[in-house]
Amino acid sequence: MKRIVIAGFQHETNTFGATLATMSDFEMADSWPGLLRGAEVISGTKGSNLPLAGFVHEARKDGSVELIPLVWCSAEPSAHVADEAFESITGMILEGVRNAGKIDGIYLDLHGAMVSESHEDGEGELLRRLRNLVGPNIPISVSLDLHANLTREMVYLASCITIFRTYPHLDMAETGARAFQTLQHLMSGGRLFKAYRQAPFLIPLQAQYTGAAPFQSLYDKVASVGPAPQCWAELAAGFPAADIHDAGPSILAYADNQKDADAIVGSLFTDLLSAESEFDCSLLSSQEAVEKAKTIAAKSDKPVIIADVQDNPGAGGTSDTTGLLRALVEGGAEGVILGMLCDPEVASQAHASGGGSIIEGALGGKSGSAPNPFSGRLQVERLSDGRFSFTGEMYAGSVAETGPTALLRVLDDSSDVRVVVSSHRCQCLDQAIFTHIGINPAAQQIVTVKSTVHFRADFEPISAAVLNAHSPGLFPCRLGQVPYRNLRAGVRVEPLGMLSDRR
Ligand SMILES: [Zn+2]
């Protein structure tokens, strides 16, 4: 039996975020499990849509390999990974490989946009240390998130890389399964030649939706390259909130000869460049979004979804900004539910005072750079311990841990707005965030979600319309306004935008 070491270490780093990802953030369960060691790596992810779960499922189906699970962890996106966390987790992986005896391959479930306090390319640094340990001949297979900022080191040091092809990420487990097939190909003596190219412009996340043009057809073309595992292509859309040299989209291909790999990348690169003008980066102001939502909702029996795209905790937002909440209340919006606003103080106050009580205070707006809480009287309608199962396709099989959570109604004569307040940050990408606390989102007029694109998988089917709104937040979606300092020269900061070095 061939022996494969498996491990996962995921972080998407928003270098503009508010707080570091510390060891306790990796240990804590959130939308995904807390830190898992040894056999728990497999049992604790089983049945989820995680890449590692897909890898394990595929390996078990194959039946010819022995898996040696070391560690799996992730932390909610935030600012840089603290050095102590990076060193501890990297140390666990290296020590595990050192103690594993003779191995034939390594699989790593990584994100691809990790920046630690000391290393701009976190995954590249992990791979460099691992390569130093095992030498050039042990195949290392890596699966990455669609939002990976792929670097030359990662491509060079990993033997093969697979990347999600959907945003919302519905194919995470499938990408892990592909990582097994490609690793098996290499362990069986297959040879792969690589080609890689970075695009000369960044793409904001609201324009990276793969259910619409131009990414829909670009990813269709990526998927049509083959036959895998002898030959395949990947496209990383990039994570523009990481102000690093290698931020942005890139294309990667593998083939059994260099000429084919080069040709595949060349062709996909031309397609990506020709699509530059098709990316829809437009955003409404909070006030515009509220007015438009009211107009559409008045004529529909389905809710209008407003996405608070710049306060997405799944991309390093604080999930407690109040711009949209204020616009909804001041705009006299009715039948509104908003989720999730992270405010542990208010959630705890609501739990202490109990259902039906009225609390006065400052809600949200506490953790960003400019404090801006919403003040008002809030009625506690329902309480929850924040532990519930996700029901949407993307996170089905995973359990949420949002800490003490409360449904609060803003007491105001001219609007009707309710807010789900959590104690831990959790992206509003699943209807269970509302249904677990007794709210049917389909029965509302306006549903406001702190998410950029992931919410579309579970909420778009029940909606009359989706509106993207910009309100101040720590996850930048208007890239032309971002004070980048570290991008490589010659990169446009958004499709058809200015060059990074001319601003
Ligand atoms: Zn992602």
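Everything quoted here is computed from the prediction, not taken from an experiment.

**Student:** Help me understand the UniProt feature "domain: Microcystin LR degradation protein MlrC N-terminal" (unreviewed entry) in the protein in this model?
**Tutor:** Sequence positions flagged by UniProt for "domain: Microcystin LR degradation protein MlrC N-terminal" (unreviewed entry) are, in local numbering, residues 3-293. Span residues 3-293 is 37% helix and 19% strand, its end C-alpha atoms 55 Å apart.

**Student:** Honestly, the side chain of Asp145 in this entry has me stumped. Any pointers?
**Tutor:** Within the fold, Asp145 resides in the loop between strand S5 (140-144) and helix H6 (152-157). Here Asp145 occupies a buried position and makes no salt bridge, while the nearest side chain of opposite charge, Arg178, is found at 12 Å. In this structure the side chain of Asp145 is engaged in a polar contact, spanning 3.1 Å, whose partner is the side chain of His169. Apart from the residues within four sequence positions on either side, Asp145 is in contact with Leu110, His111, Ile163, Phe164 and His169.

**Student:** Help me understand the domain arrangement of the protein in this model?
**Tutor:** Note on interface size: it is often stated as the accessible area lost on association of the parts. The domains assigned to the protein are domain 1 (2-278) and domain 2 (284-477). For domain 1 versus domain 2, the separation of C-alpha centres amounts to 31 Å. Of the residues lining the interface, 27 residues belong to domain 1; the matching set on domain 2 comes to 31 residues. On the domain 1 side of the contact with domain 2, Ser31, Glu76 and Gln206 bury the most area, a combined 22% of that side's loss. Summed over the shared surface of domain 1 and domain 2, the result is zero salt bridges.

**Student:** Which parts of the structure should I look at to understand the layout of surface pockets?
**Tutor:** Here the largest pocket is characterised by a volume of approximately 480 Å³. Thr19, Asp25, Thr318, Cys342 and Arg425 are, among the 25 residues lining the largest pocket, the residues nearest its centre. Inspection of the lining of the largest pocket shows a minimum of three residues originating in each of domain 1 (2-278) and domain 2 (284-477). Its boundaries defined by the atoms lining it, the second largest pocket holds a volume of some 350 Å³. As for the second largest pocket, its lining consists of 16 residues, of which Pro136, Ser159, Leu186, Leu192 and Lys194 are closest to the centre. Looking at the lining of the second largest pocket, the elements with two or more residues in it are H6 and strand S7 (193-198). Of the residues that constitute the lining of the second largest pocket, the class distribution is nine nonpolar, four polar and three charged.

**Student:** Please clarify how the pattern of salt bridges should be interpreted in this entry.
**Tutor:** Close approach of charged atoms allows side chains with opposite charge to pair. Per the counting criterion, the structure on display carries 21 salt bridges. Between Glu234 and Arg165 there is a salt bridge, and its shortest N-O distance comes to 3.4 Å. Of the two residues, Glu234 is situated in strand S8 (residues 232-236) and Arg165 in the loop between strand S6 (160-163) and helix H7 (172-187); the sequence distance between them amounts to 69 residues. Taken as a pair, Glu234 and Arg165 share a single burial class, namely buried. Here Lys294 ties to Glu291 by a salt bridge, and the two come within 3.6 Å at their closest N and O atoms. Linking Lys294 with Glu291, this pair stays in helix H10 (residues 286-298), spanning three residues, or about one helical turn. By relative accessible area, Glu291 is classed as partly exposed at 42%.

**Student:** What is the right way to read the sheet that holds strand S9 (residues 250-255) from this model?
**Tutor:** Backbone hydrogen bonds are what pair the strands of a sheet, in a parallel or an antiparallel way. The three strands lie next to each other as S7-S9-S8, forming an open sheet whose pairing is antiparallel. Each edge of the open sheet is held by one strand with a lone partner, namely S7 and S8. Averaged over neighbouring strand pairs, the angle between their axes works out to 15° when direction is ignored. Two elements, S8 and S9, share five bridges in a ladder whose sense is antiparallel. Its bridge partner lying in S9, Glu234 is registered against Leu252.

**Student:** Honestly, the coordination of the zinc ion in this entry has me stumped. Any pointers?
**Tutor:** Under ideal tetrahedral coordination, the four donors around a metal are separated by 109.5 degrees; under ideal octahedral coordination, the six donors are separated by 90 or 180 degrees. With distances of 2.1 to 2.7 Å, the protein atoms coordinating the zinc ion are Asp145 (OD), Asp145 (OD), His147 (ND1) and His169 (NE2). Taken together, the four donor atoms coordinating the zinc ion span angles of 52 to 143° at the metal, a pattern that classifies the geometry as irregular. Each donor residue of the zinc ion belongs to the same chain, with the gaps between them written as D-x1-H-x21-H. Here the residue Asp145 occupies a position in the loop between S5 and H6, and His169 occupies one in the loop between S6 and H7, the gap between them amounting to 24 residues. On the basis of relative accessible area, Asp145 is assigned to the buried category, the value being 6%. Owing to a relative accessible area of 2%, His169 belongs among the buried residues under this scheme.

**Student:** Please explain the side chain of Gln310 as it appears in this structure.
**Tutor:** Relative to the assigned elements, Gln310 resides in the loop between strand S11 (304-308) and helix H11 (323-330). Reaching out from Gln310, the side chain makes a polar contact with the backbone oxygen of Ser471 at a distance of 3.0 Å. Apart from residues lying up to four places away in sequence, Gln310 is in contact with His470, Ser471, Pro472, Gly473, Leu474, Phe475, Pro476, Cys477 and Arg478.

**Student:** Teacher, can you tell me more about helix H5 (residues 122-134) here?
**Tutor:** Two residues of an α-helix separated by three or four positions point the same way, owing to the 3.6 residues in each turn. Taking 1.5 Å as the rise per residue, H5 with 13 residues should run 18 Å; its terminal C-alpha atoms sit 19 Å apart, in good agreement. The complete set of buried residues in H5 reads Gly122, Glu123, Gly124, Glu125, Leu126, Leu127, Arg129, Leu130 and Arg131. For H5, the secondary structure elements touched by its buried residues are strand S1 (2-10), helix H4 (83-98), strand S4 (105-110), S5 and H6. Backbone geometry just after H5 places Gly135 at a positive phi near 85°.

Quick notes on the rules
Residues numbered from 1 in each chain as written. Predicted model: local features only at pLDDT ≥ 70, side-chain atom pairs only at ≥ 80, totals over all residues. Heavy atoms only, no water. UniProt positions renumbered as here; feature names shortened; annotations may be inferred. Helix = DSSP H or I, 4+ residues; strand = E, 2+ residues; numbered from the N terminus. Buried < 20%, exposed > 50% of the residue type's maximum accessible area, 1.4 Å probe, protein only. Lys, Arg positive; Asp, Glu negative; His and termini not counted. Salt bridge = Lys/Arg side-chain N within 4 Å of Asp/Glu carboxyl O. Polar contact = N/O pair within 3.5 Å; in protein donor to acceptor, adjacent residues only side chain to side chain. Contact = heavy atoms within 4.5 Å. Domains from an automatic or database assignment. Buried area = accessible area lost by both parts, 1.4 Å probe. 1 Å grid on protein atoms, 1.4 Å probe; cavity = no way out; pocket = protein on both sides within 12 Å on 5 of 7 lines; lining within 4 Å. Points joined across faces, edges and corners; volume = space filled by probe spheres on them. Nonpolar A, V, L, I, M, F, W, Y, C, P; charged D, E, K, R; others polar. Pairing = 2+ DSSP bridges. Axes fitted to C-alpha atoms, helices over the stretch in contact; angles between N-to-C directions. Donors = N, O, S within 2.8 Å, 3.2 Å for Na, K, Ca; no water. Tetrahedral: all angles 85-135°; square planar, octahedral: opposite > 155°, others 65-115°. Expected span 1.5 Å × (residues − 1).

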